[in-house]
Amino acid sequence: MSRELEGRVAVVTGGSRGIGKATCIAVAEAGASVVVNYLEEGIGVNRNDAENVVKEIVNAGGKAVAIPADVSNEDDVYAMTDEAVKQCGGGDVLINNAAILRDKTVKKMSLEDWDAVIGTNLTSVYLCSRAFLDPLEISGRGAIVSISSISAQMGFFGQANYAAAKGGIVAFTRVLAKEVARKNIRVNAVAPGLVATDMTQTIPEDHLCKMIEQIPMGRLARPEEIANVIVFLASDKSSFVSGQTIAVNGGWL
Ligand code: NAP
């Protein structure tokens, strides 16, 4: 097993389920101590889900703690950052993964639907990245990896808020990468295609089947297949890669 994140602290937002959970496990397998962030008032049973991820990592011989925070809330994000530094001694890797969907056509989309998605999926990336810049700089080998989406490039029907947020991540990544390059912090993003998680279970089955037909590899990604690319971007294996968005979409785009 390759231990390219040995001795580092990795913070994963929305680490209780889906790609976030797979990423927590993958970074732990690569040797990192993991902060499993979760939303206390979220959709799932949250604290239990996050504690189960922590248990799975600890039972496999790794280190992890669960820290709650609504990543769209500035005070929560600073409290999580302080807690991560206090409990784990720093922050070397930040993985901006948390996101929600509120799909509707623009005509039917309320300002609340718009703001909720922009807040959770894009403002959170700015808030968490800003809050962790000091620990990442102290690390001397800091890495931020944010999760964009193929939706930003394809423009899926009913996802104007989601696509705007995910496209915003691509642009934010390019700019922040330049701003912090001299501090030895690399900033990258991953743009998954369709992945088998709770998020894709909300897509009506007939529509999902039609989308899968368009994917050259003919299937959804497994969350681990996204997590593997995230580990690569978090580790020194990608030491000269910054400002990039890597597509992981089975050849779709
Ligand atoms: P998911 O299964 O719906 O999980 C989303 C995670 O985000 C959950 O852990 C959720 O916590 C957390 N979360 C939501 N709002 C939060 C908040 N305000 N503060 C903290 N945590 C919050 O999603 P997924 O499919 O794994 O997606 C992970 C990432 O990949 C997202 O950025 C998504 O946009 C992106 N992505 C997914 C796909 C796909 O096909 N699944 C494709 C492209 C990109 P609770 O459990 O507490 O609700």
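Data block above holds the structure.
Notes on the structure in this doc start here. (Residues numbered from 1 in each chain as written. Predicted model: local features only at pLDDT ≥ 70, side-chain atom pairs only at ≥ 80, totals over all residues. Heavy atoms only, no water.)

**Describing the overall build of the protein**
Along its length, the protein carries nine helices and seven strands. For the protein, the C-alpha radius of gyration of 17 Å lies close to 18 Å, the compact-globule estimate for 253 residues. Dimensions of the protein, computed from C-alpha atoms along their principal axes, come out at roughly 45 × 40 × 40 Å. Here the protein, with 253 residues, has 50% of them falling under the buried criterion. Of the contacts formed within the protein by residues at least 6 apart in sequence, a portion of 74% connects residues at least 24 apart. Total accessible area on the protein stands at roughly 12,100 Å², and carbon and sulfur atoms take up 53% of it. (Helix = DSSP H or I, 4+ residues; strand = E, 2+ residues; numbered from the N terminus. Rg over C-alpha atoms; globule rule 2.2 N^0.38 Å. Buried < 20%, exposed > 50% of the residue type's maximum accessible area, 1.4 Å probe, protein only. Contact = heavy atoms within 4.5 Å. Areas by Shrake-Rupley, 256 points an atom, 1.4 Å probe, with all protein chains shown as cover.)

**Comments concerning the packing of helix H1 (residues 18-29) against helix H2 (residues 47-59)**
Two elements in contact, H1 and H2, have axes whose closest approach is 10 Å; the angle formed by their N-to-C orientations is 20°. Comparing the axis directions of H1 and H2 gives the class roughly parallel. The two elements H1 and H2 meet at a crossing, and its hand is right-handed. The segment H1 lies against H2, with Lys21, Cys24, Ile25 and Ala28 engaging Val53, Glu56 and Ile57. (Axes fitted to C-alpha atoms, helices over the stretch in contact; angles between N-to-C directions. Parallel < 35°, antiparallel > 145°, perpendicular 65-115°, else oblique. Left-handed = near helix turned anticlockwise from the far one by under 90°.)

**Some details on the packing of aromatic side chains**
Given two aromatic rings, their pairing is described by the distance between the two centres and the angle made by the two planes. Summed over the entire model, instances satisfying the criterion amount to one aromatic pair. When the centroid spacing of 5.6 Å and the interplanar angle of 35° are considered together, the rings of Phe156 and Trp252 count as tilted. Of the two residues, Phe156 is situated in the loop between helix H5 (151-154) and helix H6 (160-180) and Trp252 in the segment after strand E7 (245-248); the sequence distance between them amounts to 96 residues. (Phe/Tyr/Trp six-rings, centres within 6.5 Å; stacked < 30°, edge-to-face > 60°.)

**Here's the deal with the side chain of Arg8**
Position of Arg8 among the secondary structure elements: in the segment before strand E1 (9-12). Each residue touching Arg8, except ones within four places of it in the same chain, is listed here: Ala32, Ser33, Asp92, Arg141, Ala234, Ser235 and Asp236.

**A few points about the pattern of salt bridges**
With the rule as written, the count across this model stands at eleven salt bridges. The salt bridge partner of Lys86 is Glu83, with a shortest N-O separation of 3.7 Å. Taken together, the residues span about one helical turn, with Lys86 and Glu83 both in helix H3 (residues 74-88) at a distance of three residues. With its nearest N and O atoms 3.3 Å apart, the salt bridge here joins Arg102 to Asp113. Taken together, the residues Arg102 in the loop between strand E4 (93-96) and helix H4 (111-139) and Asp113 in helix H4 connect sequence positions eleven residues apart. Under the relative-accessibility criterion, Arg102 is labelled partly exposed at 31%. A relative accessible area of 5% means that Asp113 is categorised as buried. Salt bridges sharing partners connect three or more residues here, namely Arg102, Lys104 and Asp113. (Salt bridge = Lys/Arg side-chain N within 4 Å of Asp/Glu carboxyl O.)

**A short note on the sheet that holds E7**
Taken in spatial order, the seven strands make up an open sheet running E3-E2-E1-E4-E5-E6-E7, and their pairing is parallel. Strands at the two margins of the open sheet, each flanked by one partner only, are strand E3 (63-68) and E7. Averaged over all pairs of adjacent strands, the angle between their axes in this sheet comes to 20°, without regard to strand direction. Across four bridges, E4 lies against strand E5 (residues 142-147) in parallel orientation. Directly across from Asn96, in E5, lies its bridge partner Ser146. Contacting E1, strand E2 (33-38) and E4, H1 crosses the sheet at an angle of about 175° to E1. Packing against the sheet, H4 makes contact with E1, E4, E5 and strand E6 (185-192), and its axis sits at approximately 170° to E4. (Pairing = 2+ DSSP bridges.)

**Thoughts on the layout of surface pockets**
Roughly 250 Å³ of volume is contained in the second largest pocket. Forming the boundary of the second largest pocket are 15 residues, of which Arg3, Ala28, Ala60, Gly61 and Gly62 lie nearest the centre. Elements represented by at least two residues in the lining of the second largest pocket include exactly H1 and H2. Here the lining of the second largest pocket takes three residues from H1, the largest share from any one element. (1 Å grid on protein atoms, 1.4 Å probe; cavity = no way out; pocket = protein on both sides within 12 Å on 5 of 7 lines; lining within 4 Å. Points joined across faces, edges and corners; volume = space filled by probe spheres on them.)

**Some details on the environment of Gly89**
For Gly89, the location among the structural elements is in the loop between H3 and E4. C-alpha of Gly89 to C-alpha of Pro135: the two residues are 46 residues apart in sequence and 9.2 Å apart in space.

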